[in-house]
Amino acid sequence: MKSKYRLKKNYQYNYVYKHAKSVADKNFVMLFCKSNNQVPQAGFSVSKKFGNAVRRNRVRRQLKAAVSNLMPKVKPHYNIVFIPRKSGSYLYADIVESVTSLFEKSGLLV
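Peer 1: Quick question: what am I supposed to make of a positive patch on the surface here?
Peer 2: On the surface, Arg6, Lys8, Lys9 and Lys64 cluster together into a patch of positive charge. Within the secondary structure, Lys9 is located in the segment before helix H1 (10–19).

Peer 1: So what exactly am I meant to see when it comes to the side chain of Ser98 here?
Peer 2: Among the secondary structure elements, Ser98 is positioned in helix H3 (residues 92–106). Residue class for Ser98 comes out buried when judged on its relative accessible area of 6%. Apart from residues lying up to four places away in sequence, Ser98 is in contact with Asp25, Asn27 and Phe28.

Peer 1: Any chance you could explain the sheet that holds strand S1 (residues 21–24) here in plain terms?
Peer 2: Sheets are built from strands that pair by backbone hydrogen bonding, the pairs being arranged parallel or antiparallel. Spatial strand order, S1-S2-S4-S3: four strands in an open sheet with mixed pairing. The strands lining the two open edges of the sheet, one partner per strand, are S1 and strand S3 (41–44). Strand-to-strand, the axes of this sheet are offset by a mean angle of 20°, without reference to chain direction. Packing against the sheet, H1 makes contact with S1, strand S2 (28–34), S3 and strand S4 (78–84), and its axis sits at approximately 95° to S2. H3 rests against S1, S2 and S4 of the sheet, and its axis sits at about 40° to S2.

Definitions and limits used
Residues numbered from 1 in each chain as written. Predicted model: local features only at pLDDT ≥ 70, side-chain atom pairs only at ≥ 80, totals over all residues. Heavy atoms only, no water. Patch = residues over 30% accessible without salt bridge, like charges linked within 9 Å, V, L, I, M, F, W, Y side chains within 5 Å. Areas by Shrake-Rupley, 256 points an atom, 1.4 Å probe, with all protein chains shown as cover. Salt bridge = Lys/Arg side-chain N within 4 Å of Asp/Glu carboxyl O. Lys, Arg positive; Asp, Glu negative; His and termini not counted. Charge placed at Lys NZ, Arg CZ, Asp CG, Glu CD. Helix = DSSP H or I, 4+ residues; strand = E, 2+ residues; numbered from the N terminus. Buried < 20%, exposed > 50% of the residue type's maximum accessible area, 1.4 Å probe, protein only. Contact = heavy atoms within 4.5 Å. Pairing = 2+ DSSP bridges. Axes fitted to C-alpha atoms, helices over the stretch in contact; angles between N-to-C directions.

In structure tokens form, the structure reads like this:
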């Protein structure tokens, strides 16, 4: 994912957690809120409850790849955080489908 589309600082995540609206499906929770940025920015938070480091990093990489394809189509001035729910195995096709449906539910796609 391009650097301009990423949340980088802890205070950005904290702001999203405090002011966000959320949408969810069986695989992910998506938190989103307005921001002052000209481009939308996304972050990813995977808890230690999710599994070992290999499993967490794999899900995070796949999630970043799925979201990076959609970020140019997302409305500007939004910060977004994705949180995977603990469940079975994640296939890339399922991740792409879930992320697309979450963006459509939230109304953030242009």
